[in-house]
Amino acid sequence: MSDFKRGDTASWDTEQVRRSQQHRSQPTTRRRRRKRINPLVYILFVAATSAILASVGWLLMSDLCAFNRGTPKTVTVEITADDTVSTVADKLYDAGLIKYKWFFKTFAGVAHAKDKIGMGSYELNTDMDYNALITGMRSSGGNMNAETVRVTIPEGYTVAETIKLLAKNNVSTEEALLEAARTYQFDYSFIDNDSTDISRLEGYLFPDTYEFYTNMKKPGAALAKMISNFNNKLDDDQLAAAQARGYDLKKIVTIASLIEKETDGTDQGKIASVIYNRLEGPGDKGGTYGLLQIDAALLYALPGHTGVITNEDKAVDSPYNLYKNAGLPPTPIANPGLKAIQAALNPETTDYYYYALGKNKLHHYSTTLQEHNNFLNSGDYIGN
C-alpha cells in the first residue's frame, strides 16, 4: 500500500499558496531616485535668460524708437508700384534707417502700413522712429493697395498734351489736372506759384515712364512727381556754369524746349549752336539780328493751327512769335528730354546761323544768309 495520506495533500496545497503569494508580493521594478537641480545653477540660468531677453528687447525697442542710430543723416527712398511692405523694409535697411527688417515688418502689419505707404520719392532720416518712417512715406495720391497705371510721357509734349494723356489713362480727370496745373502749390523755387497759367509748368514735367495711381483725389501729386524727376536730373555744376554765362534754369529749359521741337534728336548740339550764335553772336549776328525765327515757338501761340505757316501767321502779335521778337520766348514751349537739356547746357561750337531741312530729312547748316538762300532755292530743300 502507498504511504501517501490525505492530510499530506492539504499540507502541500497550503505551502504552494504561501510561496505563490510571497512571489507576487515582491516588486518587479526598482524605483528611480530623482536628481535635484542645484539651486545656484537654476538661479544663474534664470538670470542669464532674463538678461538676454532684456538685451534683445532693448535692441528692438531702440530700433523702434530710433535710439542710437549714430550720426544723423538724411536719405532719399523711392517707393514704386512694385514694392511691398517686405521690399520697403529692405530699402529702409539698405539705407541705414532700420536695423531689424523682420521687426519693422511686424510693426508695419500692426500699424496697417499698406494703407498708408504710397509711391513716391521720400526724404527720410535716421531720427525717425518706425511710425515716423511710415508716416513719412504717405502719398496724397493713394496707398500700396491702390490700382496703378503705367504712362509714358513723350519728349516734346506740352503741359496741355501731357494732361490729356494722363486723363486718357485715368490718372484723374482733365478738369482736375488742369486745375492742379493752375493752382497746386509746388515746393520748387523754379515754379511760379503766384501764376495761375498752366504755362508755369512748361518745361518741368519731365518726359519719362511713370507709375501713377488711378482716379487720384489730389492730381497735383502726379504733376509733382514729374517735376521731382526733372529736379533730380539736373546737374548742379553744369547749371552753375550756365548761370555764369548769364543763363538761369528757366532760360536753359526754354532753349532745351526749342531744341527738342526743332529736331528728331540726331543733331541737337548743332541746333543749340545756332540758337546760341543768334543770341550771342557779334554785330548783326549773321544777319539774323537776334531773331531765332523758330516755327515751333510760333505754333505754341497758335493752338489748333494746321497746315503750313504763312506770312500772316508770322505777323501774329505774340511774345512767342520769334519772327518779330528777338531773344527767347517768355516760357519753354514744351517739356524737353534729357538729351535736349544736355545740348542746351553743352552746345557744339560752330559758326552756323541758319539751318533748313533737306529732302534727305537732314538739316543743312549755313554760315551766311546768302548760303542759306542758295540752299532754299536748290532742289535739295524739302520745300521745293
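Residues numbered from 1 in each chain as written. Predicted model: local features only at pLDDT ≥ 70, side-chain atom pairs only at ≥ 80, totals over all residues. Heavy atoms only, no water.

Caption draft 1: Looking closely at the overall build of the chain. Tallying secondary structure elements over the chain gives 15 helices and six strands in all. Surface exposure of the chain reaches about 22,600 Å², of which carbon and sulfur atoms provide 52%. (Helix = DSSP H or I, 4+ residues; strand = E, 2+ residues; numbered from the N terminus. Areas by Shrake-Rupley, 256 points an atom, 1.4 Å probe, with all protein chains shown as cover.)

Caption draft 2: Looking closely at the side chain of E262. By the element assignment, E262 lies in helix α10 (residues 249-262). In this structure, E262 is buried with no salt-bridge partner, the nearest side chain bearing the opposite charge being K261 at 8.8 Å. At 2.6 Å, the side chain of E262 and the side chain of Y355 are in polar contact. Excluding residues within four positions of it along the chain, E262 makes contact with I271, I294, D295, A296, Y355 and H363. (Buried < 20%, exposed > 50% of the residue type's maximum accessible area, 1.4 Å probe, protein only. Lys, Arg positive; Asp, Glu negative; His and termini not counted. Salt bridge = Lys/Arg side-chain N within 4 Å of Asp/Glu carboxyl O. Polar contact = N/O pair within 3.5 Å; in protein donor to acceptor, adjacent residues only side chain to side chain. Contact = heavy atoms within 4.5 Å.)

Caption draft 3: Local environment of the pattern of salt bridges. Summed over all chains, the structure comprises five salt bridges. Across the pair E211 and R150 runs a salt bridge whose closest N-O atoms are separated by 2.7 Å. Linking E211 in strand β4 (residues 209-213) with R150 in strand β3 (residues 148-152), this pair joins segments that are 61 residues apart in sequence. The exposure class assigned to R150 is exposed, which follows from its relative accessible area of 53%. Of the charged contacts, one joins K270 and E348 as a salt bridge, the two residues approaching to 3.7 Å between their closest N and O atoms. Remark: E348 occurs in the loop between α14 (338-345) and β5 (354-357) and K270 occurs in helix α11 (residues 268-280); sequence separation between them is 78 residues. Residue K270 is classed as partly exposed on the basis of its relative accessible area of 30%. A relative accessible area of 39% means that E348 is categorised as partly exposed.

Caption draft 4: Summary view of the pairing of strand β1 (residues 74-79). Because side chains alternate across β1, one face comprises the buried residues V75, V77 and I79, and the other comprises T74, T76 and E78, none of which is buried. Both β1 and strand β2 (residues 120-125) contribute to a ladder of six bridges, which runs antiparallel. From the neighbouring strand, E78 faces β2, where its bridge partner is S121. (Pairing = 2+ DSSP bridges.)

Caption draft 5: Inspection of the packing of aromatic side chains at higher detail. Inspection of the entire model under this criterion finds 15 aromatic pairs. Measuring from centroid to centroid gives 4.9 Å for Y300 and Y320, while their planes differ by 50°, and the two rings are tilted. Note that Y300 is positioned in helix α12 (residues 295-300) and Y320 in the loop between α13 (311-314) and α14, a separation of 20 residues in sequence. Judged by its relative accessible area of 22%, Y300 is partly exposed. A connected cluster of aromatic rings, assembled from ring pairs, spans W102, F103, F104, F107 and Y130. Its end group placed over the ring of Y93, K101 keeps NZ or CZ at 5.1 Å from the ring centre. (Phe/Tyr/Trp six-rings, centres within 6.5 Å; stacked < 30°, edge-to-face > 60°. Lys NZ or Arg CZ within 6 Å of the ring centre and 35° of its normal.)

Caption draft 6: Structural detail: helix α3 (residues 85-94). Every buried residue of α3 is listed here: V85, V88, A89 and L92. For α3, the angular spread of the buried residues around the axis is 100°, confining them to a single face. Two residues or fewer past α3, G96 is found with a positive phi of approximately 80°. (Arc of directions from axis to C-beta.)

Caption draft 7: Expanded view of the nonpolar core. Grouped together as the largest cluster of nonpolar side chains are 62 residues, with contacts concentrated most on L166, L201, F212, L223, F230 and I259. Apart from residues no more than four positions distant in its own chain, F230 is found in contact with F190, G203, Y204, F206, L249, V253 and I341. One finds V75, L97, F104 and A113 within the second-largest nonpolar core, a separate group that totals 25 residues. (Core = buried A, V, L, I, M, F, W, Y, C linked by side-chain atoms within 4.5 Å.)

Caption draft 8: Structural context of the pairing of β4. Most of β4 sits inside the fold, with four of its five residues counted as buried. In this structure, β3 lies alongside β4, joined through five bridges in antiparallel fashion. The partner of T148 across the bridge, within β4, is Y213.

Caption draft 9: Examining unusual backbone geometry more closely. In this model, Q293 sits at a positive phi of 50°, which is unusual for a non-glycine residue. The topology assignment puts Q293 in the loop between α11 and α12. Residue classification places Q293 among the partly exposed positions, given a relative accessible area of 32%. Positive phi, close to 70°, is recorded for K361, a residue that is not glycine. Its location among the elements puts K361 in the loop between β5 and β6 (363-366).

Caption draft 10: Structural detail: the side chain of R278. If you trace the backbone, R278 turns up in helix α11. Buried and without a salt bridge, R278 has E262 as its closest oppositely charged side chain, separated by 8.8 Å.

Caption draft 11: Fine view of the confidence of the model for the chain. Averaged over every residue, the pLDDT of the chain is 86; the share at 70 or more is 84%. In the model of the chain, helix α1 (residues 6-25) stands out as the element of lowest mean pLDDT, 51, in contrast to helix α6 (residues 159-168), which has the highest, 98. (pLDDT = per-residue confidence, 0-100.)

Caption draft 12: Main features of the layout of surface pockets. Estimates place the volume of the largest pocket at around 980 Å³. Along the wall of the largest pocket there are 35 residues; nearest its centre are G120, S121, A224, K225 and S228. Residue assignment for the lining of the largest pocket shows that the elements contributing at least two residues are β1, β2, β4 and α8 (220-233). Looking at the lining of the largest pocket residue by residue, the class counts come to 14 nonpolar, 13 polar and eight charged. Its volume calculated, the second largest pocket comes out at about 740 Å³. Looking at the second largest pocket, it is lined by 29 residues, and the ones nearest its centre are Q293, D295, Y323, Y355 and H372. Looking at the lining of the second largest pocket, its residues break down into 18 nonpolar, six polar and five charged. (1 Å grid on protein atoms, 1.4 Å probe; cavity = no way out; pocket = protein on both sides within 12 Å on 5 of 7 lines; lining within 4 Å. Points joined across faces, edges and corners; volume = space filled by probe spheres on them. Nonpolar A, V, L, I, M, F, W, Y, C, P; charged D, E, K, R; others polar.)

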